[in-house]
Amino acid sequence: MKLLKLLPILVLVCCMVGCNPPAGELVGAVKDSQFQEAHPYGMVFIRKGSFLMGPNSQSAVFSQDDNNIMATVHAFWMDESEITNNEYRQFVNWVRDSIAYRYLIEEMGEDSEYALQSEYEVDEDVMPRINWKSKIPWEDRFVPDDPTAEALSPMFYAEGRGALRTTMLHYDYSWMNIDEVKKNANRFDITTGTYPEGATVRVDTFWVENGAILSKTIERPLREPKDAVTNTIISVYPDTMVWSRDFQFSYNDPLLHGYFWMPGYAEYPVVGVTWEQANAFCHWRTSFLKDVGGMMTNAYRLPTEAEWEYAARGGTDTPYYFEGSPKDYTNDGFWNNLFGADTTVINSHVIYANNSKNRTQEPTKMKANPFGLKNMLGNVMEYCSDWYAEDAYSQMQDGAVDPKGPATGEEHVVRGGYYVDDAANLRSAARGKTQHDAWLNTDPQNPKSIWWYSDIKGVGFRVVCEVPEGVSAN
């Protein structure tokens, strides 16, 4: 009987010993593996899942092959709606202010209020860090013979008293060229801690000369990881002339002069941005959060084509990510009867030719798809990170996890259709590509065959952030 009473005590002792291993035992570097990632502001959590990527029935207008693949994508965060003018202006303003601070430090000295002072000696070849808490004296640029006016004058026309020189708003950033490092010829030898003799990498280098951004690709020896670092300089101001240049028979002067800056358009999607500018925005957004101590496990970036389509479908298999789909989805059926009653379904969810008033609209006014995302289809097309290839699905393996398009190319994928498109171009599976000298070309030999090109006037973007395995989202 006494032995039976002692058994629970022995079990308890064993459990306590198991929970607290003695010193010197292997317990792992991280005690708490249930790290909970903060909810990125303005983003929606997209759960991991599998879906049939590509057209699920005969394509209505596209000449591309109607093949598809089964794909799986890992969980990720995605912006609820497109990046707005107001959000992109934050990026532009940051670039503008950073340039102004640099001019002020050069003019006023490294010991001025515009530079952060360190307890260590400042390297003469390195510009000191900016003191972002100091106020930029924009109003002083109108004061004659003021040193701050002299410092800021290069940023404005008419000797500092005119409009801002938007062409000088450049964002300079760098990253590791992984594609070069991972080549078999550059395989790192872990036994010797060196790269192969004769290993080289091709990287891009950018610089500004007489106000123009110049670049060239160079090849250099690979001796350590920093040799694979490539840089780029991007002019960040959007092309506001698209409203006039690309709509020559429309009175779009108010949009040309005010769409990007007028408060009334603050929550409208930004347009007139290039794929390169969208990537620069992603890099800035990542750095901006990290600089203020924000917690994140991965960088912001453009979505892959697979991630975008999975998010657009919202867990459904219909062409428009919501209930109801065309009764007759053949080419003739589409052209003879523009989806019939289903057009009313599209009207309530999507901004397109029938309801757009020939311009973008506030994305928050439309209904969200089952994932909680707004305006995945219509309003503006959206950049993906992938290079475009007509046979991209053939290059991807059926059942692939996180499939991605070709490593190089000449055009980038855009998805979703935009405000002057008809319903056929708003399908979740519809694919477009960037080409800045045309937006819609019809083959005169086959008017039902349309190649969907995009100009930056109708292209915006939204951003994603990966969620690593084992990390939960609150």
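Residues numbered from 1 in each chain as written. Predicted model: local features only at pLDDT ≥ 70, side-chain atom pairs only at ≥ 80, totals over all residues. Heavy atoms only, no water.

S.K.: Before we go on, may I ask you to explain the confidence of the model for the chain in this structure?
M.R.: The pLDDT averaged across the chain works out to 79; a share of 74% of its residues lies at or above 70. Overall, residues 9-18 carries pLDDT values under 50, and its contacts beyond four positions in sequence, including any with other chains, amount to 0 contacts. Low pLDDT, under 50, characterises residues 58-65; the predicted model gives this stretch 36 contacts beyond four residues in sequence or across chains. (pLDDT = per-residue confidence, 0-100. Contact = heavy atoms within 4.5 Å.)

S.K.: Help me understand the sheet that holds strand β10 (residues 300-301), please; the structure alone is not making it clear to me.
M.R.: Adjacent strands of a sheet form backbone hydrogen bonds with each other and so pair up, either parallel or antiparallel. Reading across the sheet, the 4 strands line up as β2-β5-β18-β10 and stay open at both edges, with antiparallel pairing between neighbours. Edge strands, defined here as strands with exactly one partner in the open sheet, are β2 (43-46) and β10. Two strands pair when backbone bridges link them, and β10 and strand β18 (residues 464-466) are joined in this way by 2 bridges, in the antiparallel orientation. Note that in β18 the partner of Tyr-300 across the bridge is Cys-465. (Pairing = 2+ DSSP bridges. Helix = DSSP H or I, 4+ residues; strand = E, 2+ residues; numbered from the N terminus.)

S.K.: What should I look at first to understand the nonpolar core in this one?
M.R.: A general feature of soluble globular proteins is that nonpolar side chains tend to end up buried together. Tyr-88, Phe-91, Tyr-383 and Phe-461 are the most contacted members of the largest nonpolar core, which has 59 residues in total. The element best represented in this core is helix α2 (residues 85-108), accounting for 9 residues. Discounting residues that sit within four places of it in the chain, Phe-91 has contacts with Tyr-171, Val-236, Gln-277, Ala-280, Phe-281 and Trp-284. Phe-76, Met-78, Leu-377 and Tyr-393 belong to the second largest nonpolar core, which has 30 residues in total. (Core = buried A, V, L, I, M, F, W, Y, C linked by side-chain atoms within 4.5 Å. Buried < 20%, exposed > 50% of the residue type's maximum accessible area, 1.4 Å probe, protein only.)

S.K.: Help me understand the sheet that holds strand β3 (residues 49-53) in this model?
M.R.: Strands sit in the order β3-β4-β12 across an open sheet of 3 strands; the sheet is mixed. The open sheet has two free edges, formed respectively by β3 and β12 (400-401), since each of these has just one partner strand. Two elements, strand β4 (residues 69-73) and β12, share 2 bridges in a ladder whose sense is parallel. Bridge pairing links Thr-72 to Val-401 in β12. Contacts between helix α8 (residues 305-313) and the sheet are confined to β3 and β4, with β3 contributing the most and set at about 95 degrees to the helix. (Axes fitted to C-alpha atoms, helices over the stretch in contact; angles between N-to-C directions.)

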